[in-house]
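Observations on the model geometry
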Amino acid sequence: MSDLEQLEQSILAEIEASDSEQSIETVRVSALGKKGSISEKLKTLGKMTADERKVMGPAINGMKARVTDAIAERKSVLHDIAINERLAHETVDVTLPVRQSPAEAGRIHPISQVMDEITAIFADMGFSIAEGPDVETDYYNFTALNFPEGHPAREMHDTFFFNPDEEGARKLLRTHTSPVQIHTMEKQSPPIRIVIPGKTYRCDSDATHSPMFHQLEGLVIDRNSNVANLKWVLQEFCKAFFEVPSLNMRFRPSYFPFTEPSLELDIQCDRSGTEVRFGQGDDWMEILGCGMVNPNVLRNVGLDPDEYQGFAWGIGIDRIAMLKYGMPDLRAFFDADVRWLNHYGFRPLDMPTLFSGLSS
């Protein structure tokens, strides 16, 4: 047996013994690569005589062709085997439910949803959104809003105070969003139409109260605003928010340092069943406080109460969220329980609008 025959049989045996696409590639490189055994044989043709090349040339090239075909055939077989093995080990159970995308699985917190609903309602009525700092001075949180010295709201048991600074002044966590009214009136000339949703802080905690909660303030300042305008704004808001076509309201006298006269608003509801239904029934529920802006507040921001007047109101965002969506305990809002959020949360792509519905 010649050397070429022995080499060919050796290579074919290696090809046959290959059990993976990687091993057959190794055989190909060792035989047909730049320094492979067959390639080295082809390089010797240049040193042969013409008669020798006539014999050895066809023999070496024939061997190369047969080895190339054998490698291609074996590689195809090994490729099919590899595919079948992957199919056997990487099967997918098509009967399993498809995992939801983040946009479908995620949920908007009810507080964020209600803030969006409120924004949509008041933006439609021409109001803009105002914001302010959570940490306030005593002046903006109390004095500028006509809270007299010694008022109970200034006491430690109601307010979170910080330690005194070098000058003895003590900052605090705002107890309401009303300080933003003062900031706005100092910076902006009338007419002013703003709503102020935000976080507020008070020393209180039970099923319907939280040390940190959310509040909405509203403010209108111009030359001609009156109680009739206040009533219309609040009636339109309550009808849109609770999504009822009509709603009876009643105002009761009250007291707030920053409004005069001060009023509390009750709205019609039905409590006979397991849910509170608004716009029907013979019951009443207090929903918010409001009134005409106290002249002293206007004077504190440099406005003449003989020229300008306005009205304001405040409402607990957490409370109206509980009333509208039937949530019994305020503390669950802040427990970060994913199960609760999956139950009460809202789909992130369903943005509330007056056209498509607030809670669609």
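Structure report, in brief. Worth saying up front: this structure is predicted, and the values here are computed from it rather than measured.

A count of helical and extended segments in the chain gives twelve helices and ten strands. By principal-axis analysis of the C-alpha atoms, the chain measures approximately 125 × 55 × 40 Å. When the 360 residues of the chain are sorted by exposure, 39% land in the buried category. Within the chain, contacts between residues at least 6 apart in sequence are counted, and of these 64% link residues at least 24 apart. Here the chain carries 36 positive and 54 negative side-chain charges, and the mean point of each set is 7 Å from the other.

This next bit is on the layout of surface pockets. Put simply, the largest pocket is a space of about 1200 Å³. Looking at the largest pocket, it is lined by 44 residues, and the ones nearest its centre are R202, F213, Q215, G314 and G316. Of all elements in the fold, only β5 (212–222), β6 (249–256), β7 (259–270), β9 (283–293), β10 (309–316) and α11 (317–325) reach the threshold of two or more residues within the lining of the largest pocket. No other element matches β9, which puts six residues into the lining of the largest pocket. Tallied by class, residues from the lining of the largest pocket come to 21 nonpolar, 15 polar and eight charged. Within this model, the second largest pocket holds a volume of roughly 350 Å³.

Secondary-structure assignment places T184 in helix α8 (residues 179–187). Its relative accessible area of 12% is what places T184 among the buried residues. Ignoring sequence-local partners within four residues, the contact set of T184 consists of A130, I192 and I194.

Before going further, it helps to examine the packing of aromatic side chains. Tallied over the entire structure, the rule returns 16 aromatic pairs. Ring geometry for F122 against F127: centres 5.4 Å apart, planes inclined by 75 degrees, an arrangement best described as edge-to-face. Comparing F122 with F127 shows no difference in burial state: the two are buried. For the pair F147 and F258, a centre-to-centre distance of 5.9 Å together with 45 degrees between the ring planes defines the contact as tilted. Taken as a pair, F147 in the loop between α7 (138–141) and β3 (172–173) and F258 in the loop between β6 and β7 lie far apart in primary sequence, 111 residues in all. For the pair formed by F147 and F258, the shared burial category is buried. Ring-pair connections join several aromatic residues into one group, and the members of that group are F122, F127, F237, F241, F242, F278, F311 and W313. Above the ring of F241, the side-chain terminus of K324 is found at 4.5 Å from the ring centroid.

So, on to unusual backbone geometry. Cis peptide bonds are those with omega within 30 degrees of zero, and the linkage from P190 to P191 qualifies with 5 degrees. Tracing the backbone through its elements, the reader meets P191 in the loop between α8 and β4 (192–201). Residue P261 is reached from E260 by a cis peptide bond, and omega for that bond is 0 degrees. Locating P261 in the fold gives a position in strand β7. Phi at N146 takes a positive value of approximately 75 degrees, unusual for a residue other than glycine. Here N146 shows up in the loop between α7 and β3. Here N146 falls in the partly exposed class, since its relative accessible area comes to 22%. Positive phi values are uncommon outside glycine, yet E243 reaches one of about 55 degrees. By secondary structure assignment, the location of E243 is in the loop between α9 (227–242) and β6. Since its relative accessible area comes to 40%, E243 is described here as partly exposed.

Parameters and conventions
Residues take numbers from 1 onward in each chain, read along the sequence in its written order. With the structure being a predicted model, the display of local features is reserved for residues of pLDDT at least 70 and the display and counting of side-chain atom pairs for 80 or more, all residues being used for whole-chain, interface and lining totals. Calculation of side-chain values draws on the structure's entire complement of heavy atoms; hydrogens and water are dropped beforehand. Only DSSP runs of H or I reaching four residues or more are called helices, and only runs of E reaching two or more are called strands; each is numbered from the N terminus. Burial classification: accessible surface area is computed with a 1.4 Å probe over protein chains only, and a residue below 20% of its type maximum counts as buried, one above 50% as exposed, and the rest as partly exposed. What makes two residues a contact is simply this: any of their non-hydrogen atoms within 4.5 Å. Only four residue types enter the charge count, namely Lys and Arg as positive and Asp and Glu as negative; His and the chain termini do not. For charged residues, the charge sits on one atom: NZ in Lys, CZ in Arg, CG in Asp, CD in Glu. With a 1 Å grid spanning the protein atoms alone, the term cavity applies to any set of points in which a 1.4 Å probe fits but cannot get out, the term pocket to an open set with protein on both sides within 12 Å along at least five of seven lines, and the term lining residue to any residue with an atom within 4 Å of a point. Grid points are joined across faces, edges and corners, and a volume is the space filled by probe spheres set on the points. Each residue is assigned to one of three groups, with Ala, Val, Leu, Ile, Met, Phe, Trp, Tyr, Cys and Pro labelled nonpolar, Asp, Glu, Lys and Arg labelled charged, and all others, Gly among them, labelled polar. Put simply, two rings from Phe, Tyr or Trp (the six-membered ring, in Trp's case) pair if the centres are within 6.5 Å, and we call them stacked under 30 degrees between planes, edge-to-face over 60, tilted for the rest. Sitting over a ring, as applied to charges here, requires NZ of Lys or CZ of Arg to be within 6 Å of the ring centre and within 35 degrees of the ring normal.

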